[in-house]
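If you want the building blocks of each chain, they are given just below.
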Amino acid sequence: VQLQASGGGLVQAGGSLRLSCAASGGTLSTYNMGWFHQAPGKGREFVSGITWNGGNTYYADSVKGRFTISRDNAKNTVYLQMNSLKPEDTAVYYCAADWGRKTAITITTYEYELWGQGTQVTVSS
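Residues numbered from 1 in each chain as written. Predicted model: local features only at pLDDT ≥ 70, side-chain atom pairs only at ≥ 80, totals over all residues. Heavy atoms only, no water.

(A) The side chain of S48, seen in detail. In this fold, S48 is placed in strand β5 (residues 45-50). Not counting residues within four places of it along the chain, the set of residues in contact with S48 comprises M33, G34, W35, Y58, Y59, I69 and L80. (Helix = DSSP H or I, 4+ residues; strand = E, 2+ residues; numbered from the N terminus. Contact = heavy atoms within 4.5 Å.)

Structure follows, in C-alpha cells:
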C-alpha cells in the first residue's frame with residue numbers, strides 16, 4: 001500500500017485547508033490512520049488519528065476544536081479539515097498508517113508502518 005498526501009498550500013491566518021491522503025495498491029480499511037506534522041528544525045509530531053472504522057478520533061491539544069479528521073474507506077482516503085489556521089501550524093504534514101483494526105490510536109511515529117510523502121502547509125500572519 002502506498003500513501004499520497006495532497007491539499008497543502010499557502011493560506012492566511014484564520015483560513016482553512018483540507019488535506020487528503022489517498023491509498024493505492026491496497027485497502028486502508030485495516031489500518032488506523034494518523035496525521036503528523038514537522039516544522040523546520042523540529043521533530044515529527046502527532047496531530048490527529050482515527051481508528052480503522054472511523055469510530056474513534058484523537059487530536060493533539062494544539063489543534064483540538066480546529067481540525068477534524070475523517071475517512072472514507074470506500075474511497076480509500078483519509079482527510080484532515082483544518083480551520084482557523086495559525087502561523088504555528090506551518091509545517092509539512094504527513095499521513096501514516098498503523099496496521100490492525102485497533103481500538104486505540106497511537107501517537108508515536110514508530111508504530112506507523114506506512115507513510116505518505118508529505119504536503120507543505122504554510123500559514124501567513
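(B) Layout of the sheet that holds strand β3 (residues 17-24). Taken together, the four strands give an open sheet; going across it, the order is β1-β3-β8-β7, and neighbouring strands pair in antiparallel fashion. Unpaired on one side and paired on the other, β1 (2-6) and β7 (67-72) mark the two borders of the sheet. Across this sheet, the average inter-strand angle for adjacent strands is 15 degrees, counted without regard to direction. The sheet contact formed by β3 and strand β8 (residues 77-82) spans six bridges and is antiparallel. Residue pairing for β8: S20 is matched across the bridge by Y79. (Pairing = 2+ DSSP bridges. Axes fitted to C-alpha atoms, helices over the stretch in contact; angles between N-to-C directions.)

(C) Seen up close, the nonpolar core. L3, M33, W35, L80, M82 and Y93 are the most contacted members of the largest nonpolar core, which totals 30 residues. Within the second largest apolar cluster, five residues are counted, among which are F46, A96, I105 and Y112. (Core = buried A, V, L, I, M, F, W, Y, C linked by side-chain atoms within 4.5 Å. Buried < 20%, exposed > 50% of the residue type's maximum accessible area, 1.4 Å probe, protein only.)

(D) Layout of the packing of aromatic side chains. The tally for this structure, following the rule as stated, stands at six aromatic pairs. For the ring pair F46 and Y58, a centre distance of 5.9 Å and an interplane angle of 35 degrees mean the geometry is tilted. On the criterion of sequence distance, the pair formed by F46 in strand β5 and Y58 in strand β6 (residues 57-59) is long-range, its members being twelve residues apart. Residue classification places F46 among the buried residues on the basis of a relative accessible area of 11%. Here the aromatic cluster, defined as three or more aromatic residues joined through ring pairs, consists of F36, F46, Y58, Y94, Y112 and W115. (Phe/Tyr/Trp six-rings, centres within 6.5 Å; stacked < 30°, edge-to-face > 60°.)

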